[in-house]
Amino acid sequence: MKTYTQKTICPYDCPASCGFTVHTDGKKILKTEGDETHPVSRGMLCGKMRRYTEEINAKDRILLPLKRCGKKGEGSFTPISWEDAIAEITSRWKTIIQTDGASSIAYCYYSGVMSIIQRHCVQALFARMGTCELIKTLCSSAKGDGYSSVVGNTGCLDPRELKDSDLFLVWGSNAAATRFPTLSDLTQARREGKKIILIEVYAEPMAPYCDEVILIRPGSDGALALAMMHELEKNHLSDEAFLTEYGLGYEEFKKTLSACTPEWASDITGIPAHTITALALRYGTASAPSILLGSGCSRYGNGSMTVRLITILSLFTGAWKRPGGGLCGCTPSGGSYFDGKSVQRPDLRTEKPVRTININQLSMALTGTDGHMPVKSLYVAGSNPANSVSDQKSLLEGLKREDLFTIVHERFMTDTAQYADIILPATFSVEHSDCYEAYGYCTMAATRKIIEPAGEAKSNWNTVTLLAKAMGYTDSYFQHTEEEMYEKLILTPTPLSAHLTTKERMALTAGGTISMPFARHTDFQTPEKRFYIVNPRLPEPMPHYTPCYGGSEALSLISVPSIHTLNSIFQSEKRQAKKRGPMTLVMNTKDAAARDIKDGDAVLCSNDLAEVEFTAKTTDLIARGAVAAVGVYSLSQSPGGLTCNALHHPRLSDGGKATTMNDNTVNVTLKN
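Residues numbered from 1 in each chain as written. Predicted model: local features only at pLDDT ≥ 70, side-chain atom pairs only at ≥ 80, totals over all residues. Heavy atoms only, no water.

A word on empty space enclosed by the protein
- Taken as a whole, this structure holds 2 cavities of 30 Å³ or more when the rule is applied.
- Empty space within the largest cavity amounts to approximately 210 Å³.
- Lining the largest cavity are 19 residues, and of these Gly 112, Val 113, Arg 411, Ala 426 and Thr 427 sit closest to its centre.
- Residues that form the lining of the largest cavity fall into these classes: 8 nonpolar, 8 polar and 3 charged. (1 Å grid on protein atoms, 1.4 Å probe; cavity = no way out; pocket = protein on both sides within 12 Å on 5 of 7 lines; lining within 4 Å. Points joined across faces, edges and corners; volume = space filled by probe spheres on them. Nonpolar A, V, L, I, M, F, W, Y, C, P; charged D, E, K, R; others polar.)

A word on helix H20 (residues 502-509)
- Along H20, the residues classified as buried are Arg 505, Leu 508 and Thr 509. Around the axis of H20, the buried residues are gathered within 105 degrees of arc, so they sit on the same side.
- Of the surrounding secondary structure, the elements contacted by the buried residues of H20 are strand S19 (443-447), helix H19 (482-491) and strand S20 (512-515).
- Just downstream of H20, Gly 511 is the residue with a positive phi angle, here 110 degrees. (Buried < 20%, exposed > 50% of the residue type's maximum accessible area, 1.4 Å probe, protein only. Helix = DSSP H or I, 4+ residues; strand = E, 2+ residues; numbered from the N terminus. Arc of directions from axis to C-beta. Contact = heavy atoms within 4.5 Å.)

Some remarks on the sheet that holds strand S27 (residues 664-670)
- The 6 strands are arranged S22-S26-S23-S25-S24-S27 in a closed barrel whose pairing can be described as mixed. Geometrically, the sheet is characterised by an average inter-axis angle of 45 degrees between neighbouring strands, direction not taken into account.
- Sheet topology note: the strand S24 (residues 602-606)/strand S25 (residues 611-619) ladder contains 5 bridges and is antiparallel. Paired with Ser 606 across the strands is Glu 611, a residue of S25. (Pairing = 2+ DSSP bridges. Axes fitted to C-alpha atoms, helices over the stretch in contact; angles between N-to-C directions.)

Overview of the packing of H19 against H20
- H20 packs onto H19 with a crossing angle of 150 degrees between their chain directions and a minimal axis gap of 9 Å. In terms of orientation, H19 and H20 fall into the roughly antiparallel class. In this structure, H19 crosses over H20, and the sense of that crossing is right-handed. Mapping the contact onto sequence places Tyr 486, Ile 490 and Leu 491 in H19 and Arg 505, Met 506, Leu 508 and Thr 509 in H20.
- Partitioned by chemical class, the residues of the contact of H19 with H20 number 5 nonpolar, 1 polar and 1 charged. (Parallel < 35°, antiparallel > 145°, perpendicular 65-115°, else oblique. Left-handed = near helix turned anticlockwise from the far one by under 90°.)

A short note on helix H18 (residues 460-471)
- With 12 residues, H18 extends 16 Å from end C-alpha to end C-alpha; this agrees with the ideal 16 Å at 1.5 Å per step.
- Looking at H18, one finds that the buried residues are Asn 460, Trp 461, Thr 463, Val 464, Thr 465, Leu 467, Ala 468 and Met 471.
- Contacts from the buried residues of H18 go to helix H3 (82-100), helix H4 (117-129), strand S15 (377-381), strand S16 (405-410), strand S17 (422-425) and H19.
- Where H18 ends, the next residue or the one after it, Gly 472, has phi of about 90 degrees, a positive value. (Expected span 1.5 Å × (residues − 1).)

Considering the sheet that holds strand S3 (residues 29-34)
- Taken together, 3 strands build an open sheet; the order of strands is S1-S2-S3 and the sheet is antiparallel. Single-partner strands in this sheet number two, and they are strand S1 (4-9) and S3. Averaged over all adjacent pairs, the angle separating strand axes in this sheet is 30 degrees, with direction ignored.

Encoded structure:
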């Protein structure tokens, strides 16, 4: 059997968009391995993607369109043809639009596919239909909002620049699960004798990679940042010349720091005052300190303000003007290398949407608790909201509605697909062409289709164009083939990719990755060309500490990723799920002892939304008063039929309209 290899890109939600190589006979994918030439992953491939071949060739993969033949949620389906499926979907949509209006139709897509074409073409179809508009803020929009409120579109550090840092604050970043390539950079830094300090609520996953661990109460990170700046000012370690020349509002902000003492912050954060002082002094005396910022501390009611304060802290010593100094973990490019709007096509919407739905409040749209009539149809692609969206109990009740017509474009029978009326079989990344830009690194990439789709699977693009044709839309956008869109996207420059030569662009169309220039970190991309300490354009111009939502229950619940499965995309990979073990709730040893809870006990975690069963795990590496739900589980893997998302309120963050999945309180008791 003749085989050959071809390079491609990991399509899943990770900052790196790692490269890997597939071995194929032209019909099937036979093996995957790391791409040693990729500028970021450099031959590394996480355990999840090493088993990509098994997923592509899985026996339980959905390969035919299916129609429900039982109750919603039972998972009973019968095969139908693509022609019948498309006809039924579009017929139902036309009827709904005629009788209830286009705003009765909703769609949901997110990061199941992190590419440009296959991810965002869904938005173009529903813009043309004039349906509800989806606000896609499930992950880290509050983080982006807080960061941009200080530095606009200025790019932060690319992780490859961390080689020049001389001190690392790993702040709420579980790099072991979410930044696999960056973890090797941290490991190399320790070999060189550089110090890594971890600031975290639940520190166990990252503690082995760090020299010091500082546990912090959930949602209190902004207070720590303010107290550190207080100490920097007190000890004359702030770079006043830099803050005055490049910043706006330094003198006014400095006056507010007098009240932000380590003692004040200690009461809020649970960190001893002397530890805060020592941390500030170590940070202030470093030449090029870097903060590797995760997204967890932004998933609170005060998330945007928290990131705003940490961003200002990263500027306070003038570290941004030195190689390796500053902030890492936001957007390093400062923009886009591909013209995403040419795929999203918001201009296809002829009128403003009558209704918008925030993805974090999808449960409200399905149950009618958002002040509108419940939506009549839901289309899901590249997403599994039954396992990834807050207020899970209400969401499932909404999906059970017999008057809700649900279509799910999927590869496996996910929990969301179980509630579908029609399931359409979807492709894997090796079965379609697409473009990628890493959201954590300065790279752009493109990959052509390697094999034909298995069975009757179709890509998002080919499915969207089929639906558009059946709806009667003749727009030129929907007449393009997938390959035409692929080449058009690559050959259309943006301001950040305009320097690429025609030769480089043509080479990219054949597939590959280009490493783009790092941002000029003191070329601040704001109207004034300076960063904002005080931002007069905001409702709250002066940055300050704000508390999170909290709640009346005794313990603060946070959700953390599992290194084995990361998110619901990988639930289908049985071996990875088995490695992860049972659905676990991590508790501080003393908090557990006060409740007579031991390792391995079955516990009930509850609040005003739901009650969820977990297996307890105790450790000293979690802050007192906090509990952590580790990993995303399917409903069938949950001992009580609900997961941690059932305990998450659909409240939004202070900026960015983002999830507040870490801003919920619970009670924990032994299961009788």
